[in-house]
Amino acid sequence: MLLTSRRAVTRVQAGLLVVVLVAAAGAAIYFVSVSGPSKSSSSTNTGTTSSTSSTSSTSSTTSTLPGPKNSSQLIELSNQPTSSIDPASGFFAEEDEVMTNTYQTLLMFNYTSVSTFASILAKNWTWNPGFTSYTFNLRTNAWFMNGHPFNASVVWFNVYRTILMQQIGAFYFTSTLYNGTTAFATGNALPDGLAGALKAGGYVLSSSNATLATKQAATDLSLVLSKFKSSNATIQKIMSYPNQAVVVASNSQVVFNLENSYRFFLQVMAVPGAGMVDPAFVDVNGGVQPNTQNAYVNTHTMSTAPYYVKNYVASEFVTMQANPNYWAAKLPQAETNVMLIPPHIPTIVVQFVTQSSSLVQGITSNQAALLQGPPIPAISPTFLPSLSSVPGVKINSLPNAPTFNFLMITLDTQKYPYNITNFRWALSYAINYSQIFSSVAGPYGKPYLGPISPGLPYYNPENLPVYSFSRDASIKLLKNLGFNLNLPNGTVVNPNGKKLSLTLSYVTSDEAQVKIAQLVQSMLGNVGLSVTLNGITIPTETTELSQPATASSYPEMLLWYWYPSWLDPVYQDLVTQSNSVYCGISGNIACLSNSTIDSLTTPLPFQTDLTQYGATVNKVYRMVYQQVPDIWLYATVPFWVQRSYVTGLIYNPGILGTYFPLVSYA
């Protein structure tokens, strides 16, 4: 979801810009002494989702295989460059991966578990029975790389900074820590209770003009954050005010007061968007402005994390270097866990490439050790059979693991003829799903029925049948709708009927999309429909989806990947893809607009009665199924490609990208 409720999809499996397969120029290389991975781990049960993944891998080996080119450096190839690595502004898969390694959150998923969390900057946490208040007890022995201490005021600063900036990171906290509807109406996103907190600090806001008061509060908060001194008595009064979104209860305790009951708040606090930036670093590099990105923090880091960004060259590479002043390296064994271990490999270079052929060449030639892997693979599954036979290249797949990434054809329900339900059904019947599985996805694709990710609870709760191929059913529906059809055998259906010329858009740098687009063009041709293929780039796709769904530039049919932003199956999958509030790039790409679905889904994420919650999910799922806003093609089995000497890679859908401190060379 975006802004009010960020789209849960990432720009996946598409490539841009230049190819550089050598070590990043200017990256300082040095060795850091590190211990082996800790055998102990501390975790807290969330009482929510859990899963167990079994691993299946294939590799080709010979008697002698080359090792890493440089044992102190790892090169990973990615097909999508970063735009921002600021937790307040970064969002897409490649940005999440960098932020996961260069910023720390209060907690993160514990190794491969999605039901327990490891303590990171927080020692432990509790919540009230209504899930409206979460208390975090923080570590008192953590610090930023520059030596500045981490404490509760840092948490307050970071959350309020992210909300005030109202960039992509703010959406994580909408409807919990700030009101998205009010933010949209006023143009300013303000943490709940901020006005009272500012007044407690002596600030005066307009009592007669609500719009002016909101603007004043935004300006005041901007000044507080841009000249942030936690020892200042006024700022302490503001931060300790009890009736606000985030309360500094003490130097080592922070309380989050939610405006709605929300059982998945810990999952939110584990995403990279909840990462902690040093306030002093922000303030000397542009400060905090309402509704504005910080250009410097977009490309530079100052954090408590195991890595920091050493070099950032837009569209080319990001070099991450081991933090020489990493606080967790000095923890006693009793206080650490596996997610806090110092890096084994000092330097990580994430190289951005344009073509899939360059990804293949980079991994097969041993210029790179890793291709960006799950949850969003850098390379199409169409390349895996040939790669599996290359000596020294290893394909890791998890056929029994839950799947979270999936591909669909989304249909613009605001445009004719896609606004006709039976027409959408006709398109769904025209697709030969098994042919797409066999020719594109192979063993790395599974049938699924959206909109909830197959790896999450509440997936297809009533076991509705997946959409199926029936050419006759498709032709019958189209005939009954009065459309002119020119069948391949020369038969003309409804000679005087309405003629259609359809367009299917897809990203040209993803071989899977290219091949599927060609197959779909042929499949729709088999039921008498003429389809023009429209190959586009990722930036074009983003621009077009940012238009109203009624705009001529908005894609009428689009191949589209989806992945939940955090592991909440209802809010991040079902609601986002079906509620009209999120029409367009916010998540509901089909712009499905149904008043009953809207009324059911708007309060659903915050429903406390689990029986009613489940019943509503079932009802909405069935309604979405009947509306056919999207044609769901396949869910992607988690996989990644690596050199065989790389060890320590894990798959956890709650950890976006590779967590490099765990990675080492055999």
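Note that the structure is a prediction, hence the values are computed from the model and not measured. (Residues numbered from 1 in each chain as written. Predicted model: local features only at pLDDT ≥ 70, side-chain atom pairs only at ≥ 80, totals over all residues. Heavy atoms only, no water.)

Brief notes about the environment of Ala-369
1) Next: With respect to the helices and strands, the residue Ala-369 is situated in the loop between helix 9 (356–364) and strand 13 (370–371).
2) Next: With a relative accessible area of 3%, Ala-369 lands in the buried category.
3) Next: With residues up to four places along the chain from it excluded, the contact list for Ala-369 reads Leu-74, Ile-75, Ile-363, Gln-642, Arg-643, Tyr-645, Val-646 and Tyr-665. (Helix = DSSP H or I, 4+ residues; strand = E, 2+ residues; numbered from the N terminus. Buried < 20%, exposed > 50% of the residue type's maximum accessible area, 1.4 Å probe, protein only. Contact = heavy atoms within 4.5 Å.)

Concerning the sheet that holds strand 15 (residues 405–411)
1) Next: Taken together, six strands build an open sheet; the order of strands is 16-22-15-21-19-20 and the sheet is mixed. Each edge of the open sheet carries a strand with a single partner, namely strand 16 (445–446) and strand 20 (530–536).
2) Next: The pairing of strand 15 with strand 22 (residues 630–636) spans six bridges and is classified as antiparallel. Looking at strand 22, one finds that Ile-409 is bridged to Ile-631.
3) Next: On top of the sheet, helix 12 (residues 433–441) reaches strand 16 and strand 22; it is set at about 40 degrees to strand 22, its chief contact.
4) Next: Set on the sheet, helix 15 (residues 538–545) makes contact with strand 19 (501–507), strand 20 and strand 21 (557–562); between it and strand 21 the angle comes to about 105 degrees. (Pairing = 2+ DSSP bridges. Axes fitted to C-alpha atoms, helices over the stretch in contact; angles between N-to-C directions.)

Some words on empty space enclosed by the protein
1) Next: Taken as a whole and assessed by the stated rule, the structure comprises nine cavities of 30 Å³ or more.
2) Next: Roughly 150 Å³ of volume is contained in the largest cavity.
3) Next: Secondary-structure elements contributing two or more residues to the lining of the largest cavity are helix 1 (93–102) and strand 4 (107–109).
4) Next: In terms of residue class, the lining of the largest cavity is made up of 13 nonpolar, four polar and no charged. (1 Å grid on protein atoms, 1.4 Å probe; cavity = no way out; pocket = protein on both sides within 12 Å on 5 of 7 lines; lining within 4 Å. Points joined across faces, edges and corners; volume = space filled by probe spheres on them. Nonpolar A, V, L, I, M, F, W, Y, C, P; charged D, E, K, R; others polar.)

Side note on the state of the cysteines
1) Next: Using the criterion set out here, one finds one disulfide in the structure.
2) Next: One disulfide bridge connects Cys-583 with Cys-591, the sulfur atoms lying 1.8 Å from each other. Residues Cys-583 and Cys-591 are joined through a disulfide that is right-handed, its torsion about the S-S bond being 80 degrees.
3) Next: Cys-583 gets classed as partly exposed once you look at its relative accessible area, which sits at 35%.
4) Next: Taking relative accessible area as the criterion, Cys-591 reaches 2% and is therefore assigned buried. (Disulfide = S-S within 2.5 Å.)

Some remarks on the pattern of salt bridges
1) Next: A complete count under the given rule lists three salt bridges for this structure.
2) Next: Taking the shortest distance from any N to any O, the salt bridge between Asp-412 and Lys-415 comes out at 3.0 Å. Across this residue pair, the class does not change: Asp-412 and Lys-415 are buried.
3) Next: Note that Glu-462 and Arg-622 form a salt bridge whose closest N and O atoms lie 2.5 Å from each other. Linking Glu-462 in the loop between strand 16 and helix 13 (471–480) with Arg-622 in helix 18 (residues 610–627), this pair joins segments that are 160 residues apart in sequence.
4) Next: Judged by relative accessible area, Glu-462 falls into the partly exposed class, the value being 34%. (Salt bridge = Lys/Arg side-chain N within 4 Å of Asp/Glu carboxyl O.)

Observations concerning the packing of helix 11 (residues 421–430) against helix 18
1) Next: Put simply, helix 11 and helix 18 touch, their axes get as near as 8 Å, and they point 80 degrees apart. Put simply, helix 11 runs roughly perpendicular to helix 18. On helix 18, the residues that touch Thr-421, Arg-424 and Trp-425 of helix 11 are Tyr-625, Gln-626 and Gln-627.
2) Next: Of the residues in the contact of helix 11 with helix 18, the class split is two nonpolar, three polar and one charged. (Parallel < 35°, antiparallel > 145°, perpendicular 65-115°, else oblique.)

Quick look at helix 16 (residues 570–578)
1) Next: Where burial is concerned, most of helix 16 is hidden: nine out of the nine residues are buried.
2) Next: Of all the residues in helix 16, the buried ones are Val-570, Tyr-571, Gln-572, Asp-573, Leu-574, Val-575, Thr-576, Gln-577 and Ser-578.
3) Next: Looking at the packing, one finds that the buried side of helix 16 touches strand 15, strand 21, helix 17 (595–601) and helix 18.

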